[in-house]
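# Remarks on the overall topology
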Amino acid sequence: MMAFRLDFVRRWSIAALGIAALSWCSVAGGSFIVIDGFDDGGRTNGADPLDIAWYRTVNTGSLDVFYDSGAMNSNVLRFTPNLTFVAAVGVLPTTFSLDNVGDYIELSFDFRYLSTPGSQTSGLRWGIYNDASTPATADDTSSADPNSLAYNHASKNDFGYYFNLSTGTGSTAHQLWRESGGTGSITAGTDRFQIGGNETTLPKVANTAVHSGFLRITKTAAGVNLKAGVDNTTYFDQETTSTVYTSFNGIAFGNAANNQVIYFDNVRVEAVPEPGMLLPALLALAGLVYYAVGRKSR
Ligand SMILES: [Ca+2]
Ligand SMILES: [Ca+2]
Ligand SMILES: [Ca+2]
């Protein structure tokens, strides 16, 4: 009798652990691999938890961490370009692959312009990239203009997907692009293929208030789905099936045609499923099976 009770308790304990682990997996989904609020005051991979390093793809202008006493009231990444179509890149801590249908990687962040953004259909760009085995390890110093053909910065060959936001008060052409890597800067150049059409009705960013942006890449059966938008509004929800990229290790912000100071904050990258999630899920299943089998045998 005592032996049976112990056995019963043990089986229940294992099953309960299994159920708890399974619930945790399904509720938690993936995990954040980047949460950068620039609290530690620098743009290196510093003291902040889930911090990453940030680099300029150009040797002019500046990129630094700055306290915005205005609308953001926080440390921010201050991007001060002095050329159009340059970028700031962030290096992810690992290469993340979308292996199974439903796996996704999502970049989200807050941003604001220091002065009213110009009227540009190509106003601000953000993307998720693969560094093509030449990661950025420092600010680029080799040329003034990353868009010159002779210029070969580490991020020039990066391939991935980016969202293009229209700004100011002119015409609207929000866009999604696949960038193959090779010409111009990252988030710039003619090395690109538009995915879907222009979105011409949703709001442009036309002020210095704080806005949020996101881009999510989800593996589908035939390719990837790209979901992107601003201020929690989805501007695109679009599948692409030609020349599909599923492996990523970087993110980028491009100033496009606006040669203006932009602040970024609360940069997050979420990866689903996080690679380490598979083991607890399997253990949980094993626990459930053990209990079920044990119960049946009685
Ligand atoms: Ca901050
Ligand atoms: Ca590269
Ligand atoms: Ca390019």
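Scroll up a little and you will see the structure.
The structure presented is a predicted model; accordingly, all values stated were derived computationally and were not measured. (Residues numbered from 1 in each chain as written. Chains lettered and ligands numbered in written order. Predicted model: local features only at pLDDT ≥ 70, side-chain atom pairs only at ≥ 80, totals over all residues.)

### Quick notes on the overall build of the protein chain
The helix and strand tally for the protein chain stands at two helices and 15 strands. Put simply, of all contacts in the protein chain between residues at least 6 apart along the chain, 73% involve residues at least 24 apart. (Helix = DSSP H or I, 4+ residues; strand = E, 2+ residues; numbered from the N terminus. Contact = placed C-beta atoms within 7 Å.)

### Focus: the sheet that holds strand β10 (residues 192–194)
Read from one edge of the open sheet, seven strands run β2-β5-β14-β7-β8-β9-β10, paired in antiparallel fashion. Lying at the two open borders of the sheet, with one neighbouring strand each, are β2 (54–56) and β10. Across this sheet, the average inter-strand angle for adjacent strands is 30°, counted without regard to direction. Two elements, strand β5 (residues 87–97) and strand β14 (residues 247–254), share seven bridges in a ladder whose sense is antiparallel. Across the sheet, the residue bridging to A87 is G254, located in β14. (Pairing = 2+ DSSP bridges. Axes fitted to C-alpha atoms, helices over the stretch in contact; angles between N-to-C directions.)

### Focus on the pairing of strand β9 (residues 175–179)
Taking burial as the measure, the five residues of β9 include five buried ones, the bulk of the element. Alternating positions in β9 separate into two faces, Q175, W177 and E179 on one and L176 and R178 on the other, with burial throughout. With five bridges connecting them, strand β8 (residues 159–167) and β9 associate as antiparallel partners. Bridge assignment links G160 to a residue of β9, and that residue is E179. Sheet topology note: the β9/β10 ladder contains three bridges and is antiparallel. (Buried ≥ 20, exposed ≤ 12 C-beta atoms within 10 Å, placed from the backbone.)

### Things to note about the nonpolar core
Ranked by internal contacts, the top residues of the largest apolar core, which has 59 residues, are A88, V89, I105, L107, I128, A252 and F264. Ranked by residues supplied to this core, first place goes to strand β15 (residues 262–272) with six residues. Apart from residues no more than four positions distant in its own chain, F264 is found in contact with V76, L77, F79, F109, F111 and F253. (Core = buried A, V, L, I, M, F, W, Y, C linked by C-beta atoms within 7 Å.)

### Looking at unusual backbone geometry
In this model, V272 is joined to P273 through a cis peptide bond whose omega is -10°. The phi angle at F85 is positive, at roughly 55°, despite the residue not being glycine. Examined against the element boundaries, F85 turns out to sit in the loop between β4 (74–80) and β5. Even without a glycine there, the phi angle at N232 is positive, about 65°. On the basis of neighbour counts, which here come to 10 C-beta atoms within 10 Å, the residue N232 falls in the exposed class.

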